[in-house]
Amino acid sequence: MIEVNDLTFSYKQQESFIKDLSFTVSSGEIFGFLGPSGAGKSTLQKILSGILQDYHGSVQVLDREVKHRDHDFYQQIGVDFEFPNLYGKFSGLENLKYFASLYAGKTLDPKPLLKRVGLADHQHKKVSEYSKGMKMRLAFVRSILHEPKLLFLDEPTSGLDPSYARILKEMILEQKQMGKTVILTTHNMHDAEELCDRVAFIVDGGIKAVGTPMELKACKTEVEVHYCFRLGNVLKQRKTMLKELNQDETFLKHLREGSLSSVHSKEPTLEDVFMEVTGRRLI
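Criteria and thresholds
- Residues numbered from 1 in each chain as written.
- Predicted model: local features only at pLDDT ≥ 70, side-chain atom pairs only at ≥ 80, totals over all residues.
- Heavy atoms only, no water.
- Pairing = 2+ DSSP bridges.
- Helix = DSSP H or I, 4+ residues; strand = E, 2+ residues; numbered from the N terminus.
- Contact = heavy atoms within 4.5 Å.
- Axes fitted to C-alpha atoms, helices over the stretch in contact; angles between N-to-C directions.
- 1 Å grid on protein atoms, 1.4 Å probe; cavity = no way out; pocket = protein on both sides within 12 Å on 5 of 7 lines; lining within 4 Å.
- Points joined across faces, edges and corners; volume = space filled by probe spheres on them.
- Nonpolar A, V, L, I, M, F, W, Y, C, P; charged D, E, K, R; others polar.

Participant: Explain the sheet that holds strand β2 (residues 18–25) to me, please; I cannot follow it from the model alone.
Facilitator: Hydrogen bonding along the main chain pairs the strands of a sheet, whether they run parallel or antiparallel. Taken in spatial order, the four strands of this open sheet run β2-β1-β4-β5, and their pairing is antiparallel. A strand with exactly one partner marks an edge of an open sheet, and here the two such strands are β2 and β5 (64–65). As paired elements, strand β1 (residues 2–9) and strand β4 (residues 56–61) share five bridges and run antiparallel to each other. Of the residues in β4, the one forming a bridge with Val4 is Val59. Seen against the sheet, helix α1 (residues 41–48) touches β1, β2 and β4 and runs at an angle of roughly 120° to β1.

Participant: Quick question: what am I supposed to make of the layout of surface pockets here?
Facilitator: Regions of empty space are outlined by a rolling probe, equal in size to a water molecule, passed over the atoms. Of the voids in this model, the largest pocket is the one considered here, and its volume is about 480 Å³. Those elements that provide at least two residues to the lining of the largest pocket are α2 (71–75), β6 (77–80) and α5 (132–144). Of the residues that constitute the lining of the largest pocket, the class distribution is 11 nonpolar, seven polar and one charged. Lining the second largest pocket we find 14 residues, and of these Thr157, Ser158, Ala165, Asn188 and Asp191 sit closest to its centre. At the level of secondary structure, the elements contributing two or more residues to the lining of the second largest pocket comprise α6 (162–177) and α7 (189–195). The biggest single contributor to the lining of the second largest pocket is α6, with three residues. Classifying every residue of the lining of the second largest pocket by side-chain character gives four nonpolar, seven polar and three charged.

What follows is the structure in structure tokens.
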């Protein structure tokens, strides 16, 4: 679906912002770019979706070089950027009907989608009166109206309350089940872990690691084990590394005596691995 080779991009006369990126995305895959603000995630989205064209290298999307895209290219992609551009004087429903009219093919009925994202009671309200979260939900619906093959989502759950974030994540997974390809940029490790088949760590315009969330977490072998035991009437807690557990005399003693009250491992998160690989935090 996407093949990028030696991509470099800079703004005006500044030094390269995106540096020698190469990666591929398969059809039907949710591929995530995980990185802090300013890492280059949104810029990369704009290059892949044909908005920024003054790049060096090769960017093949839907079997064509993005620089040479035609009108049909935009019939096959859906875009939901973090700061949605909507018509404030139109109602939510009028916005969707207008954008639907721009596509040559059949589009979905917007009303059930508005109901799904909690906007049915606000569909006739002007978008200028919407909150940021309402605009984000409306923009997501707009991006899937024409049933695109390829969906670009930039921080789709940022600022949403947990219930609406969950609804959008369910809808994103449904797009995958229908065979659609999704490019997701986020600094939210939980979204990346829940949604993505593969993740690329991106920092300072470069990719530092690529793999499934499970593969990336498996690279961090330092797993902690926390355990509690009773010493008289007092509950004590200790921790050790998993690889050293069989040498922890305190643990072994209380295991033999049956005085352990709990044992659990602290698995590494994607954020732990990201920090270890890049030396940066996801903020």
